[in-house]
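# Observations on the three-dimensional arrangement
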Amino acid sequence: MTMNEQTVQIGVRRLENGLDAELPSYSSAGAAGADLRASLDGPLELAPGERALVPTGLAVELPDGFEMQIRPRSGLAVRHGVTVLNSPGTVDSDYRGEVKVLLVNLGEEPVAIEPGDRIAQAVIAPVTRAVFTLAETLSDTTRGTGGFGSTGRR
């Protein structure tokens, strides 16, 4: 562990549909995301444009003040056009149900997801909670109310 890293204890429970499910694991020493694997009875084919909620067979217990962000795996995205639809998905610290991954095939060919395939990565992140207060006015900025695309491309 380097000086900038911190570790957090995450409780993981295998569910009945994931009795042989692998725990999330990091693929390299510097990986920010731990791989999540598909817990399936057999292959799942995703047709182009199709989405599926893929089970991991795992439930987690995150400490208060943390979330688990579910993010796409770059290899699936670049090779097959498969990504996490609600990226990043969030698993809240008070959720105790199964962690599932909403995959979508944006590619042009069907893609088979096999049992045990790495389908997403989980990043554990601290959560900052805001206190929202009603304001009569907001401070002025150079950007102002300029929204989507207002800052240009270059």
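The name given to the protein in an unreviewed UniProt entry is Deoxyuridine 5'-triphosphate nucleotidohydrolase, with Jiella flava as the source organism. Note on the protein: under the UniProt heading Pathway (unreviewed entry), the record states "Pyrimidine metabolism; dUMP biosynthesis; dUMP from dCTP (dUTP route): step 2/2."

## Quick notes on the environment of Gly75
If you trace the backbone, Gly75 turns up in helix α1 (residues 74-80). Spatially, the C-alpha atom of Gly75 lies 9.9 Å from that of Arg118, the residues being 43 residues apart in sequence.

## Description of unusual backbone geometry
Cis geometry marks the peptide bond from Ser87 to Pro88; its omega dihedral reads -10 degrees. Among the structural elements, Pro88 can be located in the loop between β6 (82-84) and β7 (89-91).

## As for the environment of Glu50
Mapped onto the secondary structure, Glu50 falls in the loop between β3 (44-46) and β4 (51-61). Residue class for Glu50 comes out partly exposed when judged on its relative accessible area of 35%. When the C-alpha atoms of Glu50 and Val111 are compared, they prove to be 10.0 Å apart, with 61 residues separating the residues in sequence. Discounting residues that sit within four places of it in the chain, Glu50 has contacts with Glu45, Leu103, Val104 and Asn105. Of the polar contacts made by the side chain of Glu50, one reaches the backbone nitrogen of Ala47; its length is 2.8 Å.

## Considering the side chain of Arg73
Secondary-structure assignment places Arg73 in the loop between β5 (66-71) and α1. By relative accessible area, which is 17% here, Arg73 ends up buried. In this structure, Arg73 is in contact with Asp35, Arg118, Ile119, Ala120 and Gln121, ignoring residues within four places of it in sequence.

## Describing the sheet that holds strand β1 (residues 11-14)
The strand order across the open sheet built from four strands is β1-β4-β8-β6, with neighbouring strands paired in antiparallel fashion. Edge positions in the sheet fall to β1 and β6, since each of these pairs with one other strand and no more. Neighbour to neighbour, the strand axes of the sheet diverge by 40 degrees on average, direction disregarded.

## Details of the pairing of strand β10 (residues 118-126)
In the sheet, strand β2 (residues 34-37) pairs with β10 via four bridges, with the strands oriented antiparallel. By the bridge assignment for β10, Arg37 is matched with Arg118. The sheet contact formed by β5 and β10 spans six bridges and is antiparallel. Bridging from a neighbouring strand, Glu67 pairs with Ala125 of β10.

## Things to note about the UniProt feature "domain: dUTPase-like" (unreviewed entry) in the protein
As recorded in UniProt, the sites labelled "domain: dUTPase-like" (unreviewed entry) are residues 21-152. For residues 21-152, helix accounts for 5% and strand for 38%, while the C-alpha atoms at its two ends are 46 Å apart.

## So, the UniProt feature "binding site: substrate" (unreviewed entry) in the protein
As recorded in UniProt, the sites labelled "binding site: substrate" (unreviewed entry) are Arg73, Ser74, Gly75, Asn86, Thr90, Val91 and Asp92. For the residues just named, distributed over 20 residues, the greatest C-alpha separation reaches 26.2 Å, placing them at more than one site. Setting aside residues no more than four positions away along its own chain, Val91 makes contact with Val60, Leu62, Glu67, Met68, Ile70 and Val99.

Thresholds, definitions, all that
- Residues numbered from 1 in each chain as written.
- Predicted model: local features only at pLDDT ≥ 70, side-chain atom pairs only at ≥ 80, totals over all residues.
- Heavy atoms only, no water.
- UniProt positions renumbered as here; feature names shortened; annotations may be inferred.
- Helix = DSSP H or I, 4+ residues; strand = E, 2+ residues; numbered from the N terminus.
- Buried < 20%, exposed > 50% of the residue type's maximum accessible area, 1.4 Å probe, protein only.
- Contact = heavy atoms within 4.5 Å.
- Polar contact = N/O pair within 3.5 Å; in protein donor to acceptor, adjacent residues only side chain to side chain.
- Pairing = 2+ DSSP bridges.
- Axes fitted to C-alpha atoms, helices over the stretch in contact; angles between N-to-C directions.

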